[in-house]
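Geometric and topological summary
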Amino acid sequence: MQLADQQAARKGGLLLSKLQPPPLPRDLLERPRLAALLKPASAASITLLTTAPGYGKTLALHSFLNQEQASFTWLDLNADIHKPSSFHGHLLASLIQLTEAPAINEIPALLEDKLSHGDRQDLLTQLLNRLQDLKQPAYLVIDNCHWLQEGETLHLLQSVIDNQPPLLHLFLAGHQAPSLVWSPLKLDDRLTRISAQELALTPEETLQLNRQLNRHSSWAEVADLYQLTLGWPAAIKLSSRDRMQWVQEVLRPAQPADLEKAPTQSTYQELGWQTPEGIHPLLQLRETALDLAPALPSVFLSLAEIPCHKDTLKPLLTAFSLAADKGNLEQIQHLRQLSWLQCQLGQPRAARGYNREAWSLAPQQPASSLQLDLQMDRVLIEIFKGHLQLARQLLQSLDQETLLPDQTIKGFLLQAEIDRLQGQNTRSQQQLQACLLASGHKRPEIFLQALLLLTDLKIRQGEIEEAFALADESEQFLLTLSGETSLWQIALTRLKARLWLQQGKKDLALTWLTQLSRQSGYKSLIPSELYLHLEHLRVLLANKKADTALRLLDQLTSRSHDYPGAPENLALRLHKVVVLQASRQMTPAREELRQALLLAEPEKLLGVFQPLQNELQPLLEDLCEHWAPGSHLHRFTREILGSTSPSPLPSRSLVAPSLSAREQEVLLLVAEGLSNQAIAEQLFISLHTVKSHLKQLMKKLQVKSRTQAVTRARELLLV
């Protein structure tokens, strides 16, 4: 015990060190989201923070109060203070701190003087009455409140709650809540509960802490760490002390004998934890993780993980026909595979047909896991079509609370791709980081896809050194994958070629891409092969081979497509602009760029322009002068040029009319190009009803035709 505590103990049993919070560490991890979480929502309210040890409850509260710069008093309970007499004395001392703000060493004498004029209960009432006149918010923190389990101490706590001053907020933090009746407070909107899930580190915070601990870890290692700890701060710090192997042995075993590997009391003391009664929290965490991990489907979604070859289509169609007698679920699974394959083959219209057929076979249960999967498939299809506004809307309409862990990972990747294509690079990077940490070795294809997309973002942002590190990690991780990896090799080589150009290694980039382009061929190009040839075009131009680039371009532009605004088709058009410009064909180059802008602006496909921004800048500046100032195209072109930041997506609640659920369904099908009769069959309604809904839609959207309705709906992010 400290000297001050020893002296105070002789003057009434107060432990003064328990009347103040522990000091904040120098290397405090900034977590601004917790400040919003801890901010009291109403007057005379109570916040309960109940988690296992090591979630940073004390640190979060002290950091919040330090940031608020408000009056507060702190009471840290332990085995000596939770007894009724001791708790009563320390509670009175903490309230005296608020009412009179004495120096810490003056509190015992003040308490002794006040008690000489009355008993403890009278003094508690007086102090609470004085706090009724508070002019500014103040806070009372009772840390380690799980010690309050005896009847008399609970009665004292209940007395404080019943007589809580309007501007005094009460924080209770501990392993479990005191045994009081909390439901009336919840009904009165006075109670807020904060759980371990909310205090756990997010993927971004895990990355920050990992860097703060001076770890030089690969993304795969950080992903393993995050999945092992589920964002539990204490377990992450434990790993920083070269105990990762021990953590894995504790968290991963499935045999009961492994429970003997729990840490000893000395391990707890070394980490500064208090040993709770019962099972060790790491083991509780492992059991919880196992309970939350349902059986996942054998085939899962990624932007480029299906073996993408034209010869794959026939076996899948055969398998689908053979599955007709085996039930709807197996048929649906084959339809999903066919849908993904058609996307990879650059046939999103056919993919949507398979997706629609799968929907018709799926059980009509709202928010079922299968329906969520099919909606995510639909998001992927719309991305390949270039309908990013609709894809974003479909993704945001998913109920996040009902998503399985695997679906959440897919959601991160899909959202990142939408943001990347729309030039929202910061948001895309955040989604990719979350995807990387949530996937790792458990979902290797998704992990590798996210790693390659993050490499692309780093190249766009000019962070070449970090991009090289990511490319190297991608290459190493690729070696661990089994099965067909040729598409991954192509994607990785494309990224490396861009990095080699940054280093001035033009010959090296040209050698590799020329070889890959010849192997791929130029007929019936799938999107991944097209992107390879487009990268080859850029390298040819960098090597002053404009004539060769022009001949290659002629072979690429003969490619047929259904959606001119799809990302790969826009990319082809923009590379055509660059090649024509290099060949001094400025008039056709300018017209191609104008068409590209007209196609890209409705869906805000800013990201397609970013890799070629320097080459396109002169023509973009020329076109910008010809657009009407303030028009959508003028603003969009300025965004590409970097004159303004990418504009935030408009809020539908501010500008969109209110549509019924059925009107929204009809509008989506109209946007897909279905006829009135097809819509009626799809929704099982009459043709007259469809026409009636369309009439109401046009009235609400203030348009006169179906085409205008779709255009207006896209402007308002309704489709």
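Since the model is a prediction, treat every value here as computed from it, not as a measurement. (Residues numbered from 1 in each chain as written. Predicted model: local features only at pLDDT ≥ 70, side-chain atom pairs only at ≥ 80, totals over all residues. Heavy atoms only, no water.)

Moving on, we come to the sheet that holds strand β2 (residues 71-76). With respect to topology, five strands assemble into an open sheet ordered β2-β3-β4-β1-β5, the strand pairing being parallel. Unpaired on one side and paired on the other, β2 and β5 (191-194) mark the two borders of the sheet. Geometrically, the sheet is characterised by an average inter-axis angle of 15 degrees between neighbouring strands, direction not taken into account. Relative to strand β4 (residues 168-174), strand β3 (residues 138-143) runs parallel, the two being bridged by six bridges. Its bridge partner lying in β4, Ile-142 is registered against Leu-172. Here helix α4 (residues 84-100) sits on the sheet in contact with β2, β3 and β4, set at roughly 165 degrees to β2. (Pairing = 2+ DSSP bridges. Helix = DSSP H or I, 4+ residues; strand = E, 2+ residues; numbered from the N terminus. Axes fitted to C-alpha atoms, helices over the stretch in contact; angles between N-to-C directions. Contact = heavy atoms within 4.5 Å.)

Glancing now at helix α19 (residues 388-396). Most of α19 sits inside the fold, with eight of its nine residues counted as buried. Of the positions making up α19, those classed as buried are Leu-388, Gln-389, Leu-390, Ala-391, Arg-392, Gln-393, Leu-394 and Leu-395. (Buried < 20%, exposed > 50% of the residue type's maximum accessible area, 1.4 Å probe, protein only.)

What follows is about the confidence of the model for the protein. Per-residue confidence for the protein gives a mean pLDDT of 76, with 80% of residues at or over 70. Put simply, helix α14 (residues 281-292) is where the protein has its lowest mean pLDDT, 35, and helix α28 (residues 567-582) is where it has its highest, 91. Low pLDDT, under 50, characterises residues 240-244; the predicted model gives this stretch 11 contacts beyond four residues in sequence or across chains. Counting contacts from residues 319-326, a segment whose pLDDT is below 50, to residues more than four positions away or on other chains yields 10 contacts. (pLDDT = per-residue confidence, 0-100.)

Here Val-379 lies in helix α18 (residues 369-385). C-alpha of Val-379 to C-alpha of Leu-394: the two residues are 15 residues apart in sequence and 6.4 Å apart in space. Sequence-distant contacts of Val-379, defined by excluding residues within four places in its chain, comprise Ala-391, Leu-394, Leu-395, Leu-414 and Ile-418.

The next subject is the side chain of Thr-51. Following the sequence through the fold, Thr-51 ends up in the loop between β1 (46-50) and α3 (57-68). A polar contact is formed between the side chain of Thr-51 and the side chain of Lys-57, at a distance of 3.0 Å. Once residues lying within four places of it in the same chain are set aside, the contact partners of Thr-51 are Lys-57, Gly-174, His-175, Ser-195, Ala-196 and Leu-199. (Polar contact = N/O pair within 3.5 Å; in protein donor to acceptor, adjacent residues only side chain to side chain.)

On inspection of all chains with the given rule, the structure shows six aromatic pairs. With a centroid separation of 6.4 Å and 40 degrees between ring planes, the pair formed by Trp-500 and Trp-512 is classed as tilted. Here Trp-500, found in helix α24 (residues 486-502), pairs with Trp-512, found in helix α25 (residues 506-520); they are 12 residues apart in sequence, far enough to count as distant. A residue is classified by how much of its surface remains accessible, and Trp-500, at 12% relative accessible area, is buried. Residue Trp-512 is classed as partly exposed on the basis of its relative accessible area of 41%. (Phe/Tyr/Trp six-rings, centres within 6.5 Å; stacked < 30°, edge-to-face > 60°.)

A few words now on the pairing of β3. Taken residue by residue, a regular strand's side chains alternate between the two faces of the sheet. For β3, the tally of buried residues reaches six of six residues, placing the bulk of the element in the interior. Going residue by residue along β3, you find Ala-138, Leu-140 and Ile-142 tucked away on one face and Tyr-139, Val-141 and Asp-143 tucked away on the opposite face as well. Across six bridges, β2 lies against β3 in parallel orientation. If you follow Trp-74 over to β3, its bridge partner there is Val-141. Of the crossover connections in this fold, the one passing from β3 over helix α7 (residues 151-162) to the parallel β4 is right-handed. (Right-handed = clockwise from strand over helix to strand, strands pointing away.)

With that out of the way, let us pick up the side chain of Thr-206. Residue placement: Thr-206 occurs in helix α10 (residues 203-212). If sequence neighbours within four positions are ignored, Thr-206 has contacts with Leu-201, Tyr-226, Ile-236 and Leu-437.

Counting 68 residues, the largest nonpolar core has Leu-593, Leu-597, Phe-609 and Leu-616 as its most contacted members. Per-element accounting of this core gives the leading share, eight residues, to α28. Residues contacting Leu-616, with those up to four places away along its chain left out, are Leu-574, Val-577, Val-578, Leu-593 and Phe-609. Leu-19, Leu-75, Leu-156 and Leu-170 belong to the second-largest nonpolar core, a separate cluster that totals 37 residues. (Core = buried A, V, L, I, M, F, W, Y, C linked by side-chain atoms within 4.5 Å.)

Attention shifts here to the pattern of salt bridges. Close approach of charged atoms allows side chains with opposite charge to pair. This model, assessed by the stated rule, comprises 27 salt bridges. The closest approach of N and O atoms between Arg-538 and Glu-615, which form a salt bridge, is 3.2 Å. One end of the pair, Arg-538, is in helix α26 (residues 527-542); the other, Glu-615, is in helix α30 (residues 613-626), and 77 residues separate them in sequence. In this structure, a network of salt bridges that share partners links the residues Arg-336, Asp-373, Asp-377, Asp-406, Lys-410 and Arg-443. (Salt bridge = Lys/Arg side-chain N within 4 Å of Asp/Glu carboxyl O.)

Moving on, we come to α25. The end-to-end C-alpha distance of α25, which contains 15 residues, comes to 21 Å, matching closely the 21 Å that a straight helix rising 1.5 Å per residue would cover. Elements that come into contact with the buried residues of α25 comprise α24 and α26. One or two residues past the end of α25 sits Gly-521, with phi positive at roughly 85 degrees. (Expected span 1.5 Å × (residues − 1).)

Relative orientation of the contacting elements α28 and α30 amounts to 80 degrees, with a least axis distance of 10 Å. Taken as axis vectors, α28 and α30 run roughly perpendicular relative to one another. Residues Leu-574, Val-577, Val-578 and Gln-581 of α28 pack against Glu-615, Leu-616 and Leu-619 of α30. Grouping the constituent residues of the contact of α28 with α30 by class yields five nonpolar, one polar and one charged. (Parallel < 35°, antiparallel > 145°, perpendicular 65-115°, else oblique. Nonpolar A, V, L, I, M, F, W, Y, C, P; charged D, E, K, R; others polar.)

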